Amino acid sequence: MKKLIVALGLLLALLATGAAVSFAQDTAESPDGSLDALPPGATPAPLPTREPRPAPTSRVSGERMQVELFFQTLPQGDIGLVHVTGDDVIEASAHFIERRIPFYPIENDGFYGLLSVDMEQIPRRYPLEIEAGFEDGATETLSLEVDVVTGPFIAQDVTISPDKGPLLTPDTERAELARLESIFATTTTERYWDETGFQMPILSRLTSPFGAFRTFNNTLNTRHTGWDIRSTLGTPILASAAGKVVYAGMMDIRGNYVVIDHGYGVYSGYAHMSQVHVTRGQTVAKGQVIGVVGNTGRTSGPHFHWEIAVNGEWVDAVRFIERWIP
Ligand SMILES: [Zn+2]
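What this report covers is the structure whose coordinates are included nearby. Being a predicted model, the structure only gives us computed values, none of them experimental.

1. Side note on the pairing of strand 12 (residues 213–216)
Pairing analysis gives 4 bridges linking strand 11 (residues 155–158) to strand 12, with the strands arranged parallel. Considered in strand 12, the bridge of Val-158 is made with Phe-216. Handedness of the crossover joining strand 11 and strand 12 through helix 2 (residues 170–184) is recorded here as right-handed. Note that strand 12 and strand 13 (residues 220–223) share 4 bridges and pair antiparallel. Among the inter-strand pairings, Thr-215 is bridged to a residue of strand 13, identified as Asn-221.

2. Some points on the pairing of strand 8 (residues 111–116)
Among the 6 residues in strand 8, 6 count as buried, and that is most of the element. Across the two faces of strand 8 the burial is the same, with Phe-111, Gly-113 and Leu-115 and Tyr-112, Leu-114 and Ser-116 all buried. Bridging between strand 7 (residues 104–105) and strand 8 involves 2 bridges; their strand directions are antiparallel. In the sheet register, Pro-105 faces strand 8, and the bridge partner there is Phe-111. Between strand 7 and strand 8, which pair antiparallel in sequence order, lie 5 residues; one of them, Asn-108, sits at a positive phi of approximately 60°.

3. Some points on the sheet that holds strand 10 (residues 139–149)
Read across the sheet, 5 strands follow the order 3-10-9-5-6 without closing on themselves; strand pairing throughout is mixed. In this open sheet, the two strands that pair with only one neighbour each are strand 3 (74–75) and strand 6 (99–102). Of the pairings in the sheet, the one linking strand 3 to strand 10 comprises 2 bridges and is parallel in character. What sits directly across from Pro-75, in strand 10, is Val-149.

4. Quick look at the sheet that holds strand 1 (residues 58–61)
Read from one edge of the open sheet, 5 strands run 1-2-4-8-7, paired in antiparallel fashion. Two strands in the sheet have a free side with no partner beyond their single neighbour: strand 1 and strand 7. Strand direction decides the pairing type here: strand 2 (residues 66–69) and strand 4 (residues 79–85), joined by 4 bridges, are antiparallel. Bridging from a neighbouring strand, Val-67 pairs with Val-84 of strand 4.

Scoring rules and cut-offs
Residues numbered from 1 in each chain as written. Predicted model: local features only at pLDDT ≥ 70, side-chain atom pairs only at ≥ 80, totals over all residues. Pairing = 2+ DSSP bridges. Helix = DSSP H or I, 4+ residues; strand = E, 2+ residues; numbered from the N terminus. Right-handed = clockwise from strand over helix to strand, strands pointing away. Buried ≥ 20, exposed ≤ 12 C-beta atoms within 10 Å, placed from the backbone.

The values reported here are purely geometric and, on their own, carry no functional implication.
Structure representation (structure tokens):
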């Protein structure tokens, strides 16, 4: 009896601290999402907005180039901004975790580059090489090191209707990720976004976070590649920034899905739509309606799933829009 009371006490303590691991993926308890609709005129919970330009956390000077880093360590699933300046620098790039990352020019402000870390990257120290090319044909490389640290990920149990069983096989998961990987493999060396940065595609409550270790119906273990946002069916979905539509169509898990290429390895994805309002190859403006919220693909109810990939790695989309990026 005493053991039972201790166990019950522990359970209550867990619930009180919010440590329960079962999260709703979406609006499972309200199939039409109406429970979560805000009354007219209500103010939504604080939504992520972009930070002002931060001071660099470190500076390194070479012979002809200067490098500023805007991060101390890089958590799994996060990005890091690097700035290269110097007289006569005409190009810059980084080599980090098996990848060459081209930097983008900003008028009168040198070159900026976005490092990215996969959510499953082993936490340890990695070499970072920054290379600059100069007008006279010379190049210079600075060798630095970056600590990749563990990301802040939770665990979730998700239950979806048994008739969506075929969407719970590891093969379906792998095939879709491979398809996305091939879309993200292209790095367009044109910056489509502008100095105002990226925005939330829907101004509504964030529910299920990026990177979560998910177990579907006690069978499939996977990772959450984006954020879920509560929303009612038919809510317009806005492009997070300007770019070019590189995918608009059906996918098994993501349902009606749109991918926008924002240039320099940055892609945003918008899933589970009921209607898609754009086509492949189309250029979109920041804030343009690209479709509406639906319930297509692997869902347990209407909701919106939004994700961002940088240099072929899924990154935390909310952290991404919070970051100051020129
Ligand atoms: Zn999701």
